[in-house]
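Inside the fold
Now for the letters of each chain:
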Amino acid sequence: MKTINITLCATLATVGFAGSAMAEKWDMPMAYSATNFHSEHGVIFADKVKEYTNGGLEITVHPGGSLFKGGEIKRAVQTGQAPIGERFMSAHANEAPILGWDNLPFLATTYEENDKLWAAAKDKVNAALAGQNLVAIYTCPWPGQGFYFNKAVNSSADTKGVKFRSYNSATATFAEGLGMIPVQVEAAELSQALATGVAESFISSGSTGYDRKVWEHLSHYYKVNAWLPRNYVMVNKGVWDGLDADTQAALQKAGDETGAACAQKSADLASFYFEELEKGGMTVEPASPDFLAELKAIGAKMTDDWLKEVGADGQAILDAYKAN
Ligand code: PCA
């Protein structure tokens, strides 16, 4: 593992970096490819933080799970091994089910609806994160999620026994509903899983299919648009609480601006990814009405299960979303 600059601020009462003679340095592990728009915005965020702290805080981005693997990043930030990091929020729903707010099938299927849902969920999600010693600085949605296969699929009759790469427990549930066999694999290891036959199908955006050049192994993408899940950049809460108000404001300003720019970029790229999948030789099309009806039935059950798991807070999020 590379050398990690562990910040000492958590042990100090209040730390200000703005204008200080020596820059504080933070390493920021990120889970997805260096060329992915999430990682590119991590670099944009780091540049803004440097500027807004007058060079007092320098963040070095480590994309692609190179410093900590995707599945290790949250724990690294919680425990202070890294002061800041980025990961897929609903991958953490097994630790706090409310973090699956953006993984509810067919509830919020446009960027606008996803924003509305986040507005309804934000306070409760942030409270859950505080309980895990984390502060979210910004979030950014992936494009809509659809299914990748190595053959044409018209209904669950075609999906039985197919090996499916899941990225969290909700996607494993979805796969099981279709008679598939789920195995959890990081995006960074997806190409290898497809090449070795560990997986032959998955749900994701066009973005991850493009990053992993999945046309080398797969032939069909069904634009189901089941949900738009978010990544989040989190800071260790002890570190955050130890920062002075100016530094917190600088980080938050950088985060607000970067989150907005990243969401816009995600929307701008969504159709580009589909064109690239097609250029690679894949068939990209909407799911058949039969398949979609089956997906919706499984999705409704997943939403019920989530509500049971999360309880009143989950219902309050859905009620607030629907009231707006
Ligand atoms: N890509 C990530 C998460 C959601 C997405 O679109 C992945 O497949 O791991």
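Below or above, wherever it landed, is the structure these notes cover. (Residues numbered from 1 in each chain as written. Predicted model: local features only at pLDDT ≥ 70, side-chain atom pairs only at ≥ 80, totals over all residues. Heavy atoms only, no water.)

**Here we look at the site of the ligand**
- Close to the ligand lie Tyr32, Phe88, Trp142, Gln145, Arg165, Tyr167, Ala187, Ser204, Ser205, Thr208 and Pro229, which account for all nearby residues.
- Ser205 is positioned with one of its side-chain polar atoms (N or O) 2.6 Å from an oxygen atom of the ligand.
- Within the side chain of Thr208, a nitrogen or oxygen atom sits 2.6 Å from a nitrogen atom of the ligand.
- In isolation the ligand has 260 Å² of accessible area, and contact with the protein removes 99% of it.
- For the shell around the ligand, the residue count by class is six nonpolar, four polar and one charged. (Near = heavy atom within 4 Å. Polar contact = N/O pair within 3.5 Å; in protein donor to acceptor, adjacent residues only side chain to side chain. Areas by Shrake-Rupley, 256 points an atom, 1.4 Å probe, with all protein chains shown as cover. Nonpolar A, V, L, I, M, F, W, Y, C, P; charged D, E, K, R; others polar.)

**Here's the deal with the pattern of salt bridges**
- Using the criterion set out here, one finds ten salt bridges in the structure.
- Its salt-bridge partner being Lys74, residue Glu95 comes within 2.4 Å of it at the nearest N-O pair. Here the residue Glu95 occupies a position in the loop between β3 (84-88) and α3 (111-130), and Lys74 occupies one in helix α2 (residues 70-78), the gap between them amounting to 21 residues.
- On the accessibility criterion, Glu95 (37% relative accessible area) is partly exposed.
- Across the salt bridge formed by Arg75 and Glu95, the nearest N and O atoms sit 3.6 Å from each other. Separated by 20 residues along the polypeptide, Arg75 in helix α2 and Glu95 in the loop between β3 and α3 bring together distant segments of the chain.
- What makes Arg75 partly exposed here is its relative accessible area of 49%.
- Linked through salt bridges whose partners overlap, the residues forming this network are Lys48, Lys253 and Glu257. (Salt bridge = Lys/Arg side-chain N within 4 Å of Asp/Glu carboxyl O. Helix = DSSP H or I, 4+ residues; strand = E, 2+ residues; numbered from the N terminus. Buried < 20%, exposed > 50% of the residue type's maximum accessible area, 1.4 Å probe, protein only.)

**Things to note about the state of the cysteines**
- According to the stated counting rule, one finds one disulfide in the structure shown.
- A sulfur-sulfur distance of 2.1 Å marks the disulfide that ties Cys140 to Cys262. The disulfide joining Cys140 to Cys262 has a torsion of about -85° about its S-S bond and is therefore left-handed. Here Cys140, found in strand β4 (residues 134-141), pairs with Cys262, found in helix α8 (residues 245-279); they are 122 residues apart in sequence, far enough to count as distant. The same class applies to Cys140 as to Cys262, namely buried. (Disulfide = S-S within 2.5 Å.)

**Comments concerning the pairing of strand β5 (residues 146-149)**
- Strand direction decides the pairing type here: β5 and strand β8 (residues 201-204), joined by three bridges, are antiparallel. Looking at β8, one finds that Phe147 is bridged to Ile203.
- Where β5 and strand β9 (residues 220-223) come together, three bridges link them in antiparallel fashion. The residue of β9 that forms the bridge with Tyr148 is Tyr221. (Pairing = 2+ DSSP bridges.)

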